[in-house]
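Spelled out from the first residue to the last, the chains are:
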Amino acid sequence: MAKFAYLQNHFDVVFNYYNVCFIQKLYYFCIEINIAFIFTNTLHKMKQMIPAFVWQQVRIAVLLLATGCACTAASAQSFTEQIGTNNPFNGLDVSDFATPAFVDIDNDGDLDMFSGRASGRFNFYLNSSGTFATGSPNPLGGSTYDVGDESNPAFVDINNDGDFDCFPGEQSGTINYFRNGSATAANFTVVTGGTNPFNGIDVGSGSAPVFIDLDNDGDFDCVVGESDGTLNAYRNTGSATTPVFAALTGVNNPFDGIDVGNFSDPAFADLDADGDLDCLIGEEDGTLLYYKNTGTPTTPVFTAQTGALNPFNGVDVGTYSSPEFGDLNADGKPDLILGRGDGTFAYFLNTTTTLPVELLTFTATQSQAAVSLHWVTASEVNNSGFTVLRSTDAATWAELSFVPGRGTTAQASEYTFEDAQAPVGQVYYRLAQVDLDGTVTSSPVVEIQVRAPGHQASLYPNPAAGGEVKLDLFSARDDEAVIRVYDLGGRMVHQQSVVVSAQTLTTVSLDLKQAPGVYTIVVRIGGGQYTERLTLQ
């Protein structure tokens, strides 16, 4: 039930002030030529060259490829159950209510496994060259870490100090906090009261937490399943080092309206390799429900996929399915591990094959009134071409044009397309790659804020301390700009208007008295709209 996934938005992943996309590219290259072990050794040599918190995120990106977001374009992935000796968890049994969670707890470069159980305690299985066996000592062994009933561990580096902390859910509906003191020799301290960022949060019963970056802002948010079958979402309105979790309710909760019956158990992975996280939910009857993210990494929209559209259609482990993703065979694809109600574990190997077009980059930039799309492929096999699609809501897509492909080539190929009729506002683009046999594969989505020609806006500093923020406005003609500030609940907390003179840079001071947190700045000028997220410290 407790899951851990880290959002890799294709190659544009930035951890705080450090860009590690070159590390991801190197990893995927090594995967393609089957020398991932070389990459792992290289990373350990690099460890002394970067700060601890960045190193920890790099290891996450490598080990927890639960997002399945490799360079190669792919459609829905396929999984094959492994039984007997092909299942590395064959013979492991926690008695009942198995809730697996993976973490490299000893910092040795592979994923180890903890599992909750009905008694409220935890089992620990150490990974030794792909073989899982009971580990000793158990960092979460003993009565100190007994959470009562139905323990449900989730791991995340909540304070960015370079080790994994543990947040177990439990039958009562709350979330416990065990702070880790070491990246190599885990030493957990029970944290209670106001020091626990989930103090006061109670989902009713059967809390099943998972940490992901829901809004692509660089910190971990939390999604929590519960016994009534729904999903609760909590946005981190603090920071990557000092989290503050605020409940998202109603339409602000991207899982609003989802109800799987009883004992919802979420896990996240990029199951269609389009650059965003999809959601897989276990439930009491032992089956798995799949909700595809039809939005973007920044604004997710989860849409139910049934029948053949669900890669786990027909999977049934009896009772209380508890999904967890992890790349256990280091092939760069997320595998699925399922805890069962009887205390055992099922293993589904990701058997997705490489598809013919390797997409390296896909970007959108504005030039005057037009939007220029640019993409590069590393290689192509039987590629007929690309259908360019545009949307204003990331749900309904319109075909703009077809760009012929290069057929079959081992050379890098560069493509461009200009959308001269791009509407003003938030616009989304994606490519539908078409093979010669008619097979269609969707690319990751790129989004851009299209502004009316001749108008510009720039916000700084961001993040801002003390509420003092400046906004530079420029217009080709005399105009009025209306500035509004919204909190995470969608409430307008500040508004002001300013006259902008033609061809003159106008600097506006915003003296915001709001509490620290994340806000949305919306500027309307010249019939266009400029939107940016602002963090007040």
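The rules behind these values
Residues numbered from 1 in each chain as written. Predicted model: local features only at pLDDT ≥ 70, side-chain atom pairs only at ≥ 80, totals over all residues. Heavy atoms only, no water. Pairing = 2+ DSSP bridges. Helix = DSSP H or I, 4+ residues; strand = E, 2+ residues; numbered from the N terminus. Axes fitted to C-alpha atoms, helices over the stretch in contact; angles between N-to-C directions. Buried < 20%, exposed > 50% of the residue type's maximum accessible area, 1.4 Å probe, protein only. Contact = heavy atoms within 4.5 Å. Polar contact = N/O pair within 3.5 Å; in protein donor to acceptor, adjacent residues only side chain to side chain. pLDDT = per-residue confidence, 0-100. Salt bridge = Lys/Arg side-chain N within 4 Å of Asp/Glu carboxyl O.

Caption draft 1: Quick peek at the sheet that holds strand 19 (residues 288-293). The strand order across the open sheet formed by four strands is 17-18-19-20, and the pairing between neighbours is antiparallel. Here the strands that pair on one side only, and so sit at the sheet edges, are strand 17 (265-269) and strand 20 (302-305). For this sheet, the mean inter-axis angle between neighbouring strands, taken without regard to orientation, is 30°. Two strands pair when backbone bridges link them, and strand 19 and strand 20 are joined in this way by four bridges, in the antiparallel orientation. The partner of Asn 293 across the bridge, within strand 20, is Phe 302.

Caption draft 2: Summary view of unusual backbone geometry. Here the amide bond leading from Ser 136 into Pro 137 is cis, since omega sits at 0°, within 30 degrees of zero. Along the chain, the position of Pro 137 falls in the loop between strand 8 (131-134) and strand 9 (155-156). Look at the link from Asn 462 to Pro 463: it is a cis peptide, with omega at 10°. Despite not being glycine, Ser 95 has its phi angle at roughly 90°, a positive value. For Ser 95, a relative accessible area of 57% gives the class exposed. Even without a glycine there, the phi angle at Ala 394 is positive, about 65°. With respect to the helices and strands, the residue Ala 394 is situated in the loop between strand 25 (370-391) and strand 26 (398-409). Ala 394 sits in the buried class, given a relative accessible area of 3%.

Caption draft 3: Geometry of the environment of Gln 82. Assignment of secondary structure puts Gln 82 in strand 4 (residues 79-82). According to the relative accessible area criterion, Gln 82 is buried, its value standing at 16%. Note: C-alpha distance between Gln 82 and Leu 349 (267 residues apart in sequence) is 6.6 Å. Ignoring any residue separated from it by four or fewer positions in sequence, one finds Gln 82 in contact with Asn 87, Tyr 347 and Leu 349. At 3.1 Å, the side chain of Gln 82 and the backbone oxygen of Thr 80 are in polar contact.

Caption draft 4: View of the pairing of strand 23 (residues 345-350). Counted residue by residue, strand 23 has six buried out of six residues, so it is predominantly covered. Of the two faces of strand 23, the one lined by Phe 345, Tyr 347 and Leu 349 and the one lined by Ala 346, Phe 348 and Asn 350 are each fully buried. By the bridge criterion, four bridges tie strand 4 to strand 23 in an arrangement that is antiparallel. Note on strand 23: the bridge partner recorded for Glu 81 is Phe 348. Bridge analysis of strand 22 (residues 335-339) against strand 23 gives four bridges, and the strand direction is antiparallel. Bridging from a neighbouring strand, Ile 337 pairs with Tyr 347 of strand 23. A loop of five residues connects strand 22 with strand 23, the two strands running antiparallel in sequence, and Gly 343 in this loop sits at a positive phi of about 95°.

Caption draft 5: Seen up close, the confidence of the model for the protein chain. Looking at the protein chain as a whole, the pLDDT averages 83, with 84% of positions reaching at least 70. Counting contacts from residues 1-75, a segment whose pLDDT is below 50, to residues more than four positions away or on other chains yields 190 contacts.

Caption draft 6: Summary view of the pairing of strand 27 (residues 413-419). Judged by which residues are buried, strand 27 turns out to be one-sided: Ser 413, Tyr 415, Phe 417 and Asp 419 face inward and are buried, whereas Glu 414, Thr 416 and Glu 418, on the alternate face, are not. Sheet analysis places strand 25 next to strand 27, joined by seven bridges and oriented antiparallel. Bridging across to strand 27, Ser 372 finds its partner in Glu 418.

Caption draft 7: How the structure looks around the pattern of salt bridges. On inspection of all chains with the given rule, the structure shows nine salt bridges. Between Arg 491 and Asp 487 there is a salt bridge, with the nearest N and O atoms lying 3.1 Å from each other. Since its relative accessible area comes to 54%, Arg 491 is described here as exposed. Taken together, the shared-partner salt bridges connect Asp 215, Arg 235 and Arg 533 into one network.

Caption draft 8: Spatial organisation of the side chain of Gln 305. Counting through the fold element by element, Gln 305 comes out in strand 20. Accessibility expressed as a relative area gives 13% for Gln 305, which makes it buried. Within the structure, Gln 305 has its side chain in polar contact with the backbone oxygen of Thr 303 (distance 3.2 Å). The residues touching Gln 305, leaving out its near neighbours within four places in the chain, are Tyr 290, Lys 292 and Asn 310.

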